[in-house]
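Given next are the chains, with one letter for each unit.
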Amino acid sequence: MKQQEHDQHPGMGPTRRTVLKGAASAAALGSASSLGAFSELALAQDNLRARIIQIPGIGKGAPTDADWQKVGELCLGPTKANVREGEFKGVELSFMGLNNQNLHNLLFRGFLKPWEAYTGAKISWIDLAQADYNPRLQQAIATGTVDFDILEMGAPFEGDVCGKGLASEMPDWVKKQIDIDDYVDYLKPPVGTWNGKTYRVTIDGDCHNFNYRADYFSDPGLAKSWKDAGNQSEWGVPKTWQQVQAVTKFLKGKKFKGQNAFGYLDAPKPWGGFGFYFLGSRATAYAKHPDDKAWLFDVDTMKPRISNPAWVRAIQDVIDALPSEPADQLNADPNTTGFQQFLAGIGSMIPWWGDIGQVAKASDTSVIGDVVAFDILPGSDDVYNSKTGRWEKLASGPNQAPNCAYLGWGIYVMARVASDERKHKAAWSAAAHVGGKDLSLWTVMYPSGFQVHRTSHSNIDEWVAAGYNKNYITSYLNSQFGSYNHPNRAVEPRIPGIFQYYSIAEDELTKIFARQYDAQTGANNIAAAWEKLTDQIGREKQIALYKASLGA
């Protein structure tokens, strides 16, 4: 994509570069000093951003703890504007979060060490593996034993945590410190809020994008084999799930660059509820009709759609594709497909969060940094209309419905600190530091577990200055913002128990993929279990919250 086309992308909006360019033009009409303090402040922030994105620099090896601490120290300015040195001496905070691929909490430690040194507060850490996260949080919610002051959590849990009064409302000074208006539109309220109150410092935006090997789909040898096999279409990057299936089956038994060639990589192994998103990414183009906001449940009854023909087709796709995937794929969870397979050169297509694009270029373990490319998720030749009970082919062409999976990680302060004024301010200060605007630029450029979530992250010049190839990063950012801003994006509901639904589904899907049940029978089992859970939680309440989450 050309630069001028990128600047016109609906998700990009004005960048810091264009704003400053306009300011500079205005200044030229008068004197250079007419911008005054604004000019100095803007230039100082730009200099800071230019400095931190060079730590260590893209292509110069994976960042270390020393790098995380340096970035955290350089980004302390907003904290110093709101907190006196040593103001929190004697305050002790506990922080519960994820330890996935040695990121998340480990980075927070580095970012917050200089914050601790400046403020005098001390933080203890509760580290959770991805598969353990949901059970641990649900236990705290169910038993009322919240033993942490700060929580890294995704928006889907807001119904469980904020809806039960377990979180602290964000003070206005925090909103100003983090520049909350910079968040991309789909992560603005109601996301991060409950009953009109704001609770979340957003540190991540989430969607599953399509990651593929450009070298596979530009290879003349594979193109010839594709034609020789009788295919009428040209060899190229699949644009629909039907094409993904065809390519995956075609590549079985073939060699590419001296290795076994593989197409799409599924992640059938349970992953604490988070693995359900990967089936969801196969299903949304089938299940999310442009005329219907709902795709998981019927909006008026909470009747599950997991057993309808769209979801059953997605489940059957996995069953049909697994024989063409690596031998032990049944035991692959998403960490395996993303980090041990795709980034290591195995397979040619996966859905994942934005981590793949970062790690491919800024990690010591990736071997595909020069050959990977990105797009929004594939579409489908037809889409299921749940209201009519029929498959439809749209006049506009294949149906696309990017899966905005999980709505991103955020930092939440627990209500239990509210009775202690210093502890309350300290917890929110820590959250604001981790979710700071400038620090966030570093986290979305380097391996962190987080992907773009602010309008200011769309400035391609900053990414290129960090060391990214312009074409590469344009492809990557368009896959992200193109998903966030897609008119038919599939956004999950923030209803109580959502991860209980997902975990139930994972358990049953394991049986389906092991061939204990066929796709329809297994999907019916999931639907029946979901119905029981809805009744346990309270159907009328769930219907009301589901409608609210969809804006229906």
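Residues take numbers from 1 onward in each chain, read along the sequence in its written order. A pLDDT threshold of at least 70 governs which residues receive local features in this predicted model, and a stricter bar of 80 or more applies before side-chain atom pairs are shown or counted, although totals over entire chains, interfaces and linings include all residues. Excluding hydrogens and water, the side-chain values take into account all heavy atoms of the structure.

**Overview of the overall build of the protein**
Stated formally: The way it works is that DSSP assigns letters per residue, a run of H or I at least four long becomes a helix, a run of E at least two long becomes a strand, and they are numbered from the N terminus. Restricting the calculation to C-alpha atoms gives the radius of gyration, and the globule rule supplies 2.2 Å times the number of residues raised to the power 0.38. Only protein chains enter the accessibility calculation, which uses a 1.4 Å probe; a residue whose area is less than 20% of its type maximum is buried, one above 50% is exposed, and one in between is partly exposed. Pairs of residues are marked as contacts when any of their non-hydrogen atoms sit within 4.5 Å. For accessible areas, the Shrake-Rupley method is used with a probe of radius 1.4 Å. Any residue's cover is judged against the shown protein chains and nothing else. Counted charges follow a simple rule, with Lys and Arg positive, Asp and Glu negative, and His plus the chain ends left uncounted. Where a charge lies is defined by one atom per residue type: Lys uses NZ, Arg uses CZ, Asp uses CG and Glu uses CD.
Secondary structure assignment for the protein yields 22 helices and 16 strands. Relative to the compact-globule value of 24 Å for 552 residues, the protein shows a C-alpha radius of gyration of 24 Å, a close match. Across the 552 residues that make up the protein, the buried fraction comes to 59%. Across the protein, every contact between residues at least 6 apart in sequence was considered, and the portion connecting residues at least 24 apart equals 77%. When the accessible area of the protein is evaluated, it comes to approximately 21,300 Å², of which 50% is carbon and sulfur surface. If the 56 positive side-chain charges of the protein are averaged to one point and the 60 negative ones to another, these points end up 1 Å apart.

**Examining the sheet that holds strand β10 (residues 349-352)**
Quick reminder of the rule: A pair of strands counts as paired when DSSP detects no fewer than two bridges linking them. For helices, the fitted line uses only the C-alpha atoms of the stretch in contact; every axis is such a line through C-alpha atoms, and the angle between N-to-C directions lies from 0 to 180 degrees.
Strands sit in the order β10-β7-β11 across an open sheet of three strands; the sheet is antiparallel. Looking along the sheet, the strands with just one partner apiece sit at the ends: β10 and β11 (372-375). Between one strand axis and the next, the sheet turns by 30° as a mean value, whatever way the strands run. Bridge count between strand β7 (residues 209-213) and β10: four bridges; the pairing is antiparallel. Looking at β10, one finds that Asn 209 is bridged to Trp 352. Relative to the sheet, helix α15 (residues 355-362) contacts β7, β10 and β11, its axis offset from that of β10 by approximately 115°.

**Overview of the nonpolar core**
Keep this limit in mind: Nonpolar cores were defined as sets of buried Ala, Val, Leu, Ile, Met, Phe, Trp, Tyr and Cys residues, with membership established by side-chain atoms within 4.5 Å.
Ranked by size, the top nonpolar core spans 169 residues in total, and within it Trp 115, Tyr 133, Leu 137, Val 201 and Phe 276 carry the most contacts. Discounting residues that sit within four places of it in the chain, Val 201 has contacts with Met 170, Val 174, Ile 178, Tyr 183, Gly 410, Ile 411, Trp 428, Ala 431 and Gly 435.

**Describing helix α21 (residues 519-537)**
Stated precisely, the cut-off is as follows: Expected span, for any helix, means 1.5 Å times one less than how many residues it has. The directions from the helix axis to the C-beta atoms are what the arc is built from.
With 19 residues, α21 ought to run about 27 Å at 1.5 Å a step, and its terminal C-alpha atoms sit 27 Å apart, in line with that. When we look at burial in α21, the residues that qualify are Ala 519, Gly 522, Ala 523, Ile 526, Ala 527, Trp 530, Leu 533 and Thr 534. Down the axis of α21, the buried set is contained in an arc of 140°. They therefore lie on one face. The exposed residues of α21 that point more than 90 degrees off its buried face are Lys 532 and Gln 536. In the core, the buried residues of α21 are packed alongside α12 (276-287), α13 (309-321), α20 (498-513) and α22 (539-550). Following α21 by one or two positions, Gly 538 has its phi on the positive side, about 120°.

**A word on the sheet that holds strand β2 (residues 122-128)**
Within a sheet, neighbouring strands are paired by backbone hydrogen bonds and run either parallel or antiparallel to one another. Pairing is mixed across the open sheet formed by five strands, whose spatial order is β2-β1-β3-β15-β6. Of all strands in the sheet, those with a lone pairing partner are β2 and β6 (201-202), marking the two edges. In the sheet, strand β1 (residues 92-98) pairs with strand β3 (residues 150-154) via two bridges, with the strands oriented parallel. In the strand pairing of β3, Phe 95 is matched with Ile 150. Sitting on the sheet, helix α7 (residues 130-143) is in contact with β1, β2, β3 and β15 (409-413), with an inclination near 110° to β3. The strands that helix α16 (residues 421-434) touches are β1, β3, β6 and β15; relative to β15, the one it contacts most, it runs at about 165°.

**A word on the packing of aromatic side chains**
This is how the line gets drawn: Ring pairs are drawn from Phe, Tyr and Trp, using the six-membered ring of Trp, whenever the two centres fall within 6.5 Å, and their geometry is named by plane angle: stacked under 30 degrees, edge-to-face over 60, tilted for the rest.
Inspection of the entire model under this criterion finds 54 aromatic pairs. Arranged with centres 6.1 Å apart and planes meeting at 25°, the rings of Phe 274 and Trp 409 form a pair that is stacked. Residue Phe 274 is found in the loop between β9 (259-260) and α12, and its partner Trp 409 is found in strand β15; the two are separated by 135 residues along the sequence. Between Phe 276 and Trp 311, the ring centres sit 5.5 Å apart and the planes meet at 10°, which makes this aromatic pair stacked.

**Section: the pairing of β3**
The element β3 is largely enclosed, with a buried count of five among its five residues. Side-chain alternation along β3 places Ile 150, Glu 152 and Gly 154 on one buried face and Leu 151 and Met 153 on a second face that is also buried. Bridge count between β3 and β15: five bridges; the pairing is antiparallel. Bridge assignment links Leu 151 to a residue of β15, and that residue is Tyr 412.

**Here we look at the confidence of the model for the protein**
Threshold: The predictor reports its confidence for every residue as pLDDT, a score running from 0 up to 100.
Summary statistics for the protein give a mean pLDDT of 91 and a share of 92% for residues scoring 70 or more. Long-range and interchain partners of residues 1-39, a stretch whose pLDDT sits below 50, account for 39 contacts in this model, where long-range means more than four residues apart.

**Quick look at the environment of Ile 526**
Among the structural elements, Ile 526 can be located in helix α21. Residues Ile 526 and Gly 86, 440 residues apart in the sequence, show an inter-C-alpha distance of 53 Å.

**Here's the deal with unusual backbone geometry**
Cis geometry marks the peptide bond from Ile 55 to Pro 56, where omega comes out at 0°. With respect to the secondary-structure elements, Pro 56 resides in the loop between α3 (36-52) and α4 (65-74).

**Here we look at the pairing of β2**
The line we're drawing: Handedness of a crossover: with both strands directed away from the viewer, a clockwise path from the first strand across the helix to the second marks it as right-handed.
Direction of pairing for β1 relative to β2: parallel, over a ladder of seven bridges. For Leu 98, the partnering residue across the bridge sits in β2 and is Leu 128. With helix α6 (residues 105-119) bridging β1 and its parallel neighbour β2, the resulting β-α-β unit is right-handed.

**Points about α15**
Taken across its eight residues, α15 has eight buried, putting it largely inside the fold. Where α15 is concerned, the buried positions are Asp 355, Ile 356, Gly 357, Gln 358, Val 359, Ala 360, Lys 361 and Ala 362. Residues of α15 that are buried make contact with β7, α14 (334-341), β10, β11, α17 (437-445) and α19 (470-484).

**Looking at the packing of α21 against α22**
Keep this limit in mind: In this scheme, roughly parallel covers angles under 35 degrees and roughly antiparallel covers those over 145, while 65 to 115 is roughly perpendicular and the rest are oblique. Throughout, the ten residues Ala, Val, Leu, Ile, Met, Phe, Trp, Tyr, Cys and Pro are labelled nonpolar, Asp, Glu, Lys and Arg are labelled charged, and all others, Gly among them, are labelled polar.
Between α21 and α22, whose axes approach to 6 Å, the crossing angle comes to 100°. For the element pair α21 / α22, the angle class is roughly perpendicular. Taking contact as the criterion, the partners of Glu 531, Thr 534, Asp 535 and Ile 537 in α21 are, on α22, Arg 539, Lys 541 and Gln 542. Grouping the amino acids of the contact of α21 with α22 by side-chain chemistry returns one nonpolar, two polar and four charged.

**Some thoughts on the environment of Asp 228**
Looking at where Asp 228 falls in the secondary structure, it is placed in helix α10 (residues 220-228). A relative accessible area of 56% places Asp 228 in the exposed class. Note: C-alpha distance between Asp 228 and Cys 404 (176 residues apart in sequence) is 38 Å.

**A look at the environment of Lys 361**
When you line up the elements, Lys 361 lands in helix α15. Along the chain, Lys 361 and Lys 255 lie 106 residues apart, while their C-alpha atoms are 25 Å from each other. Apart from the residues lying within four places of it in its own chain, the contact partners of Lys 361 are Ile 58, Gly 59, Gly 369, Asp 370, Tyr 468 and Tyr 472.

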